[in-house]
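# Summary of structural features
Single-letter residue listing:
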Amino acid sequence: MDSLFGFKLSTAEVIPEKGKLAPILIYDRICFEKVPLEISIEDIRKYRGNICPGVVFSFRATQLAISQLWKDEIPERGDFEIISTCPFPCSQASFEFLTRAVTREGGKNFKIELPKGTDIKNITKDNFVFIIIRKSTGDSIKIRLREELFSERFFQLRKKKIEGRATPEEIKELKSIKQEFTHTFMNLPMDRLFESEKEDNLELNENINDNEAAYTLVNSQEDAIAYVAENEGEDIEVAATCPFHTE
Ligand SMILES: [Zn+2]
């Protein structure tokens, strides 16, 4: 089905076209009427001020959730509940701009549940897991940014910088790792970016199950960068200063 917006309804793009992410189509209710909205990642830049890794993975996690929980339907903003393990304000801003889940109904549709021992200064690979729930059906999906995408070096450098122990060279290296994150998160196909499963564990994401190759193609951050380098299109301008909030 083609939409009133003039392009296909499904936001489950497998591979981002030419480095551009398809906008998310979503309804809101204004004076009791359903009003369609089209929100691009550039729109989030206007809200947040920049596009950093947190903005990108939250935008794409929302796309994945819509494709799995709503299929070809356009979701309504009020139908989202989100449980996030990620303490970054940029991730939260992205979910808020897309769904209003953070502020709607007094904030009861958005929760941050930090894994034990983590906070904004001490993050691990477990801080990139999101549960997105379609309230009207009770269906939910658990989405995890693939652990292979992170190098241990990133966490080491980030910690050093936060503790004021990083050298200028290390600060530069961290900045470039963060730029690579934004770039790879923008350009990787969905199944190489995320692992996902329905929260009740009954219905695993077919795409990912059917695609054994997805598990072997990205074994490391370097693999992901190499994949993107081979397949990328035009890139959009991304931020080097905000990512993961160590600045
Ligand atoms: Zn950020």
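Predicted model, so just to flag it, every value in this text is computed and none were measured.

## A word on the nonpolar core
Counting residues in each nonpolar core, the largest one holds 48 residues, and the members touching the most others are Val55, Val56, Ala61, Ala65, Ile132 and Ile143. Looking at this core element by element, the count peaks at nine residues for helix α2 (residues 53–69). Sequence-distant contacts of Ala61, defined by excluding residues within four places in its chain, comprise Phe130, Ile132, Ile143 and Phe194.

## A short note on the confidence of the model for the chain
The predicted coordinates of low-pLDDT regions are not to be read in fine detail. When pLDDT is averaged along the chain, the result is 82, and 74% of the positions lie at 70 or above. Low pLDDT, under 50, characterises residues 1–15; the stretch is placed with 26 contacts to residues that sit more than four places away or in other chains. Throughout residues 201–217 the model reports pLDDT below 50, and contacts reaching past four residues in sequence, or to other chains, amount to 18 contacts.

## Examining helix α4 (residues 152–162)
For α4, every residue scored as buried is listed here: Phe154, Leu157 and Arg158. End-on, the buried residues of α4 take up no more than an arc of 100°, which puts them together on one face. Taken together, the buried residues of α4 touch α5 (168–187). One or two residues past the end of α4 sits Gly164, with phi positive at roughly 75°.

## Quick notes on unusual backbone geometry
Even without glycine at this site, Phe32 takes up a positive phi of about 70°. Secondary-structure assignment places Phe32 in the loop between β1 (24–30) and β2 (33–39). Judged by local crowding, Phe32 falls into the exposed class, with 5 C-beta atoms found within 10 Å. In this model, Lys71 sits at a positive phi of 50°, which is unusual for a non-glycine residue. By the secondary structure assignment, Lys71 is in the loop between α2 and β3 (80–84). Overall, Lys71 belongs to the exposed group, with 10 C-beta atoms counted inside 10 Å.

## Description of the sheet that holds strand β5 (residues 129–134)
Spatially, five strands are ordered β4-β3-β5-β6-β7 in an open sheet, and the strand pairing comes out mixed. Of all strands in the sheet, those with a lone pairing partner are β4 (110–112) and β7 (194–198), marking the two edges. Each strand axis lies, on average, 15° off the axis of its neighbour in the sheet, ignoring direction. Pairing geometry for strand β6 (residues 139–145) and β7, over five bridges, is antiparallel. The residue of β7 that forms the bridge with Arg144 is Glu195. Sitting on the sheet, α2 is in contact with β5, β6 and β7, with an inclination near 145° to β6.

## Examining the packing of α2 against α5
Interaxial distance between α2 and α5 falls to 9 Å at its minimum, and their mutual angle equals 20°. Classed by the angle they form, the pair α2 and α5 counts as roughly parallel. The handedness of the crossing between α2 and α5 comes out as left-handed. Here Pro53, Val56, Phe57 and Arg60 of α2 lie close against α5, whose contacting residues are Lys178, Phe181, Thr182, Phe185 and Met186. Looking at the contact of α2 with α5 residue by residue, the classes come out as six nonpolar, one polar and two charged.

So, how was this worked out
- Residues numbered from 1 in each chain as written.
- Predicted model: local features only at pLDDT ≥ 70, side-chain atom pairs only at ≥ 80, totals over all residues.
- Core = buried A, V, L, I, M, F, W, Y, C linked by C-beta atoms within 7 Å.
- Buried ≥ 20, exposed ≤ 12 C-beta atoms within 10 Å, placed from the backbone.
- Helix = DSSP H or I, 4+ residues; strand = E, 2+ residues; numbered from the N terminus.
- Contact = placed C-beta atoms within 7 Å.
- pLDDT = per-residue confidence, 0-100.
- Arc of directions from axis to C-beta.
- Pairing = 2+ DSSP bridges.
- Axes fitted to C-alpha atoms, helices over the stretch in contact; angles between N-to-C directions.
- Parallel < 35°, antiparallel > 145°, perpendicular 65-115°, else oblique.
- Left-handed = near helix turned anticlockwise from the far one by under 90°.
- Nonpolar A, V, L, I, M, F, W, Y, C, P; charged D, E, K, R; others polar.

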